[in-house]
Amino acid sequence: MTAGLLLAAGAGRRYGRPKALVELDGEPLVRRAIRLLGDGGCAPVHVVLGAGADQVPDLPGAVPVRNHRWSDGLGSSLLRGLASLPAAVPAAVVVLVDQPLLSPAAVRRVRAAYAAGAVVAVATYAGRPGHPILLGRQTWPLLKGYAVGDRGARDLLRDRPDLVVEVPCDDLGSPVDLDTPADLLRLRPVSDG
């Protein structure tokens, strides 16, 4: 069992509203990312919500998790989400709500690396680390010193390369993220074709 953890708590200040509420092809990004994790074989799927949580539509197939400290940054959402997972969960695949071109195949690929013995499996694109990231439970306590402000697991991965297996995913989607409405407009031809 590998859980899915979707971080969707931010206010989307540069975007002008919480990105969980933004729609691509008529579907809220939050639902799109839940489907990504489910289709990638993750269960259960937990969604960390904060800004705009009361406006988020129903989340079929997912457990909503409130992060009342969402304004502290992504790090607090990562820690809150991991803490919400059942004790029997040995690992979690983490994705961000504003990366709609990730693929279920990339989720399956990082899960396969975990099944083959990886403690941490990180999707890479053009040799650079991105999402999805799989974190084995034994790494979760280590994150408390790293997941601060808008920092998630990146510094831990840098400091502990002995834990990390890089998983090339260039052929399985794109890690592009949406920071502004203009970014969404640039994606539309990709998603429509």
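Residues numbered from 1 in each chain as written. Predicted model: local features only at pLDDT ≥ 70, side-chain atom pairs only at ≥ 80, totals over all residues. Heavy atoms only, no water.

**Q** So what about the overall build of the chain? Which residues, and what values?
**A** A count of helices and strands for the chain gives five helices and nine strands. Against the compact-globule benchmark of 16 Å for 193 residues, the chain has a radius of gyration of 15 Å, which places it among compact chains. Taking the principal axes of the C-alpha coordinates as reference, the chain spans close to 40 × 35 × 30 Å. The burial tally for the chain puts 51% of its 193 residues in the buried class. Long-range contacts, defined here as pairs at least 24 residues apart, represent 69% of the contacts in the chain between residues at least 6 apart. Of the roughly 8900 Å² of accessible surface on the chain, 53% is carried by carbon and sulfur atoms. One way to put it: in the chain the 22 positive side-chain charges average out to a point 4 Å from where the 19 negative ones average out. (Helix = DSSP H or I, 4+ residues; strand = E, 2+ residues; numbered from the N terminus. Rg over C-alpha atoms; globule rule 2.2 N^0.38 Å. Buried < 20%, exposed > 50% of the residue type's maximum accessible area, 1.4 Å probe, protein only. Contact = heavy atoms within 4.5 Å. Areas by Shrake-Rupley, 256 points an atom, 1.4 Å probe, with all protein chains shown as cover. Lys, Arg positive; Asp, Glu negative; His and termini not counted. Charge placed at Lys NZ, Arg CZ, Asp CG, Glu CD.)

**Q** Give me the lowdown on the sheet that holds strand 5 (residues 63–66), citing residues and values where you can.
**A** In any sheet, the strands associate via hydrogen bonds between backbone groups, in a parallel or an antiparallel arrangement. With mixed pairing, seven strands are arranged side by side in an open sheet as 5-4-1-6-8-7-9. Since the sheet does not close on itself, it has two edges, and those belong to strand 5 and strand 9 (164–168), each with one partner. Strand-to-strand, the axes of this sheet are offset by a mean angle of 25 degrees, without reference to chain direction. Summarising the sheet, strand 1 (residues 3–8) and strand 6 (residues 91–96) pair through five bridges and their orientation is parallel. Bridging from a neighbouring strand, Gly-4 pairs with Val-93 of strand 6. On the sheet, helix 2 (residues 74–84) packs against strand 1, strand 4 (45–49), strand 5, strand 6 and strand 8 (128–136) and is oriented at approximately 150 degrees with respect to strand 1. With respect to the sheet, helix 3 (residues 104–115) is in contact with strand 6, strand 7 (120–125), strand 8 and strand 9, its orientation differing from that of strand 8 by roughly 50 degrees. (Pairing = 2+ DSSP bridges. Axes fitted to C-alpha atoms, helices over the stretch in contact; angles between N-to-C directions.)

**Q** Explain the nonpolar core to me, using residue names and the numbers behind them.
**A** Ranked by internal contacts, the top residues of the largest apolar core, which has 40 residues, are Leu-6, Ala-8, Val-30, Ile-34, Leu-37, Val-47 and Leu-59. Elements with a contribution of two residues or more to this core: strand 1, helix 1 (29–39), strand 4, strand 6, helix 3 and strand 7. Counting residues per element, this core draws most heavily on helix 1, which supplies six residues. Aside from chain neighbours lying at most four places away, what touches Val-30 is Leu-6, Ala-8, Ala-20, Val-47, Val-56, Leu-59 and Val-97. (Core = buried A, V, L, I, M, F, W, Y, C linked by side-chain atoms within 4.5 Å.)

**Q** For the pairing of strand 4, give the residues involved together with the corresponding values.
**A** Here strand 4 lies mainly inside the structure; five of its five residues are buried. Residues Val-45, Val-47 and Leu-49 line one face of strand 4 and the alternating positions His-46 and Val-48 line the opposite face, and both faces are buried. Note: strand 1 against strand 4, five bridges, orientation parallel. Bridging from a neighbouring strand, Leu-5 pairs with His-46 of strand 4. Inspection of the sheet shows strand 4 paired to strand 5 by four bridges, in the parallel sense. Residue Leu-49 lies in a different strand from strand 5, and its bridge partner there is Arg-66.

**Q** I'd love a proper account of the packing of helix 1 against helix 3, names of residues and values included.
**A** At their nearest, the axes of helix 1 and helix 3 sit 8 Å apart, and the two run at 45 degrees to each other. The angle between the axes of helix 1 and helix 3 places the two elements in the oblique class. Between helix 1 and helix 3 lies a crossing of right-handed hand. Together, Leu-36, Leu-37 and Asp-39 of helix 1 and Pro-104, Val-107 and Arg-108 of helix 3 make up the contact between the two elements. (Parallel < 35°, antiparallel > 145°, perpendicular 65-115°, else oblique. Left-handed = near helix turned anticlockwise from the far one by under 90°.)

**Q** Describe the environment of Pro-28, listing the residues and the values that go with them.
**A** Considering the arrangement of structural elements, one finds Pro-28 in strand 3 (residues 27–28). For the pair Pro-28 and Val-97, spaced 69 residues apart in sequence, the C-alpha separation works out to 9.6 Å. Leaving out residues up to four positions away in the same chain, Pro-28 has contacts with Ala-20, Val-22, Glu-23 and Pro-57.

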